[in-house]
Amino acid sequence: YSKLNNLKEKYEIVDLGTDSNESVDYPDYAFKLGEYIVKNNCLGVVICGSGIGISIACNKVKGVRCAKVNSIKDAIYTKEDNNANVISLSANIKKERAVKIATSFIEAKFTEEERHIRRVNKISDYDIEDE
């Protein structure tokens, strides 16, 4: 597929699975990707049925900020305003649209405006302490 090949030519892509057409437990792959993102300080794209469950699972990995996106605009805003490092897409999205959304996310830059930094830091710093 030419659009996907263009993405591969422009960026290093690491495929962390799955390698099966069978149903899998998506949290396993979300955690694997999340840990990879944090360890390598890079960006990620996850895809599952609705894109919702895998985004919730990704956000369980400390240091991951994953947003379920549906559009190019969503992808840009989640990077510019929230400094997300992962986006989640639903599996029923057309490949060409997925590539456009992923490219927009990758190329967007965090604005680093004080209000966005403050908000992202509040999210990153929040952790419920055990009683």
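Residues numbered from 1 in each chain as written. Predicted model: local features only at pLDDT ≥ 70, side-chain atom pairs only at ≥ 80, totals over all residues. Heavy atoms only, no water.

Sorry if this is basic, but what is going on with helix α4 (residues 72–80) here?
Spacing of three or four residues puts side chains on the same side of an α-helix, whose turn is 3.6 residues. For α4, the full list of buried residues reads A75, T78 and K79. Along the axis of α4, the buried positions cluster into a sector of 95°, meaning they face one direction only. Buried residues along α4 sit in contact with β2 (66–68), β3 (86–90) and α5 (95–107). (Buried < 20%, exposed > 50% of the residue type's maximum accessible area, 1.4 Å probe, protein only. Helix = DSSP H or I, 4+ residues; strand = E, 2+ residues; numbered from the N terminus. Arc of directions from axis to C-beta. Contact = heavy atoms within 4.5 Å.)

Hey, could you run me through the environment of S71 in this one?
Here S71 is to be found in the loop between β2 and α4. Accessibility expressed as a relative area gives 19% for S71, which makes it buried. Linking S71 and D28, residues 43 residues apart in sequence, is a C-alpha distance of 26 Å. If near-sequence neighbours (up to four positions away) are discounted, S71 is found in contact with R97 and I101.

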